[in-house]
Amino acid sequence: MTIPGGPAHVPVLLERCVGLLAPALTGPDAVVVDCTLGMGGHAEALLSGTPARLIGLDRDPEALRRSAERLAPYAARTTFVHAVYDELPAVLADLGLTSVQGILFDLGVSSLQLDEADRGFAYAQDAPLDMRMDPTRGRTAADIVNTYPGKDLARVLREYGDERFAGRIADAIVRERSSEPFTSSARLAELVRTAIPAATRRTGGHPAKRTFQALRIEVNDELGVLRRAVPAALDALAIGGRIVVLSYQSLEDRIVKAELVARSTTDVPVDLPFVPEGSQTELRLLVRGSEKASAAEIETNPRAASVRLRAAERQRAA
């Protein structure tokens, strides 16, 4: 199958995602939900490769607008909803659906958000210190940087960015913001660079990478949303329905793994020659552990370097 895709956006593990979801999307009434529509690359491949109706969710209005343009040839089979993916149950209820046959999550920051400099996600480009995936609501990164107590800033950087020098960076932020609030990504990136010991700055990429990741996660409540969204998505799957999740950092992957493993584990002894009726697990894992992108894909699409794919099929009701 030829997978379509725009030249400016290369979806991660595209063929693998479609291959895993497609067997559940063969029926005439099949519905697949792309919970993180983004630029619409995965959605386009699912629409071209299956007969399913697609529901596309995104918290970013600009992503919805661009995807609607891209997917215009499939307008009869698409529905776009401005929503965060933990709002999936309400979205399905509003559409009169009790279950769906496929669900896809492509987590983290989207290509659109990274590539649009004025969104403030990129530490290498100066922009307003925003980082909201939905620019229409919620607090900005500037709000957090300028108002959080030092100990809370340090906690965010440590927990969400795995930043060894979280305390030093937080102290520097508190000290500098007392004379002038932070409004730009460049000023914050430079402060982080100077707060980290010179020897450490020589390795590991841009010194501000972990700080910006941590602030982005805090601004968008990414882990809290994910903790609510994964169980809700699994509950929404029809019997025989499939879910695929792409994670890009260990905190996300840990949440996804825990939920999938919990619902695919049985207390039936492994040496029993059959599974007693009623003891079948709710989920059947479709991949062993998590899958990574190939070296060839990473070479052509560097954003695939950190991806971890997990997938499962629903076998019975909870």
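Let me sum up the structure you'll find in this document. From a predicted model like this one, the values you see are computed outputs, not experimental measurements. (Residues numbered from 1 in each chain as written. Predicted model: local features only at pLDDT ≥ 70, side-chain atom pairs only at ≥ 80, totals over all residues. Heavy atoms only, no water.)

Another point: the sheet that holds strand 5 (residues 237-247). Read from one edge to the other, the open sheet built from 7 strands follows the order 3-2-1-4-5-7-6, with strand pairing classed as mixed. The open sheet terminates on both sides in strands that have one partner only, identified here as strand 3 (78-82) and strand 6 (283-285). Each strand axis lies, on average, 15° off the axis of its neighbour in the sheet, ignoring direction. Across 4 bridges, strand 1 (residues 31-34) lies against strand 2 (residues 53-58) in parallel orientation. The residue bridging V32 from the neighbouring strand is L54, located in strand 2. Sheet strands in contact with helix 1 (residues 14-21) are strand 4 (100-106), strand 5 and strand 7 (308-314), and its direction is about 165° off that of strand 5. Taken strand by strand, helix 3 (residues 61-70) contacts strand 2 and strand 3, and its axis lies near 165° from that of strand 3. (Pairing = 2+ DSSP bridges. Helix = DSSP H or I, 4+ residues; strand = E, 2+ residues; numbered from the N terminus. Axes fitted to C-alpha atoms, helices over the stretch in contact; angles between N-to-C directions. Contact = heavy atoms within 4.5 Å.)

The next thing to look at is the packing of aromatic side chains. Two measures describe an aromatic ring pair: the distance that separates the ring centres and the angle between the ring planes. With the rule as written, the count across this model stands at 1 aromatic pair. One Lys or Arg, R187, reaches over the ring of F182 and ends 4.0 Å from the middle of that ring. (Phe/Tyr/Trp six-rings, centres within 6.5 Å; stacked < 30°, edge-to-face > 60°. Lys NZ or Arg CZ within 6 Å of the ring centre and 35° of its normal.)

If you walk through the whole model with that rule in mind, you get 22 salt bridges. With a shortest N-O distance of 2.8 Å, R263 and D235 are connected by a salt bridge. Of the two residues, R263 is situated in helix 13 (residues 250-263) and D235 in helix 12 (residues 222-236); the sequence distance between them amounts to 28 residues. Measuring nitrogen to oxygen at the nearest pair gives 2.7 Å for the salt bridge that ties R310 to D253. In this pair, R310 is assigned in strand 7 and D253 in helix 13, connecting sequence segments 57 residues apart. For D253, a relative accessible area of 12% gives the class buried. (Salt bridge = Lys/Arg side-chain N within 4 Å of Asp/Glu carboxyl O. Buried < 20%, exposed > 50% of the residue type's maximum accessible area, 1.4 Å probe, protein only.)

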